[in-house]
Amino acid sequence: MTDAIGALQEELLAQEYVAGRALATVIHLALGLGKPLFLEGEAGVGKTEVAKVLARLRGAELIRLQCYEGLDVHNAVYEWAYSRQLLHLRLLEAAGAGRAEMERDLYGEDFLLERPLLQAIRQQNGRVPVLLIDEIDRADEEFESFLLEVLSDFQITVPEIGTFVAPRPPVVVVTSNRTRQVHDALKRRCIYHWIDYPDYATELRILTLKQPGLEAELRRQIVTAVQALRAQELFKPPGIAETLDWAQALSLMDTRRLDEDVIRDSLGVLLKYQDDIEMVRGDLLRRLSGDA
């Protein structure tokens, strides 16, 4: 098992994803046990990227369900093609069909529009997909309750047709930014892992993988500045995604080294709240420049 986890780390690294031992272990266990993987952490630390990398590694389709407040069955599971149903009814009426025939044909699979969850269960292309349920904490608790059947038995019931059971369990990755507590009943069905902000060495390694064209000294300055920002009491500290965006922005600005002016002009790439930007300007900005 130790060799398998190390091999998985190398496979993830080949896809430009730096995974620590603990994360590689829970991914290995989730795949081996056929259980969903529940990844929690601040925004921008690489939770969603895990699902994308797994899809690439397995040569599988990535099916993404982006959660939001008010998400319901029609958007997440299935809905009916009402316009096609209406046209079909008119054709049957023109042909003189009876009511029983109309009702029998109206709710068939020909008119069923699959949404992400049903797509992952039916697997009509014959391959096991990777299902990403992204930011589950943004959905309502009622939707969480609906997910319990899906994540427990990997089946979905369409009342008009019947129950669809997955021929093989899909690889499921559930992410949460912890804007609210997700119910224990959902977490119990998953293997849990918290992804934290990376330390200096890990973040430098990520930046080197993603932006190899940057000068080594500038990469070190970028990571030093970002790490110093995270040590402040910001409303939204920058994640790895912001580090990579900042590196791209600095490259576009033809930056050779960080100074106060460069950091001040590009703060909007790192920080997304005006209060945080105002807090950084001034003495803190000079300290950031000096540290970098």
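For the structure given in this document, a descriptive report is provided here. Keep in mind the model is a prediction, meaning the values are calculated, not measured.

Mapped onto the fold, alanine 249 is located in helix α12 (residues 240–252). Accessibility expressed as a relative area gives 18% for alanine 249, which makes it buried. As for alanine 249 and valine 269, which are separated by 20 residues in sequence, their C-alpha atoms are 7.7 Å apart.

A few words now on helix α8 (residues 141–153). Look at α8: 19 Å from first C-alpha to last across 13 residues, which is about the 18 Å you get at 1.5 Å a residue. In the structure, α8 departs most strongly from a straight axis at leucine 147, where the bend amounts to approximately 25 degrees. Three or more residues of α8 are buried, namely Phe143, Glu144, Leu147, Val150 and Leu151. Count one or two residues on from α8 and you reach phenylalanine 154, which has phi positive near 50 degrees.

This part is about the sheet that holds strand β1 (residues 37–40). Read across the sheet, 5 strands follow the order β2-β5-β8-β1-β9 without closing on themselves; strand pairing throughout is parallel. A single partner strand is all that each edge strand has here, and the edge strands are β2 (62–66) and β9 (191–194). Each strand of the sheet is rotated relative to its neighbour by a mean of 20 degrees, with strand direction disregarded. Here 4 bridges tie β1 to β9, and the two strands are oriented parallel to one another.

Criteria and thresholds
- Residues numbered from 1 in each chain as written.
- Predicted model: local features only at pLDDT ≥ 70, side-chain atom pairs only at ≥ 80, totals over all residues.
- Heavy atoms only, no water.
- Helix = DSSP H or I, 4+ residues; strand = E, 2+ residues; numbered from the N terminus.
- Buried < 20%, exposed > 50% of the residue type's maximum accessible area, 1.4 Å probe, protein only.
- Expected span 1.5 Å × (residues − 1).
- Bend = angle between axes of the 7 residues up to and from the residue.
- Pairing = 2+ DSSP bridges.
- Axes fitted to C-alpha atoms, helices over the stretch in contact; angles between N-to-C directions.

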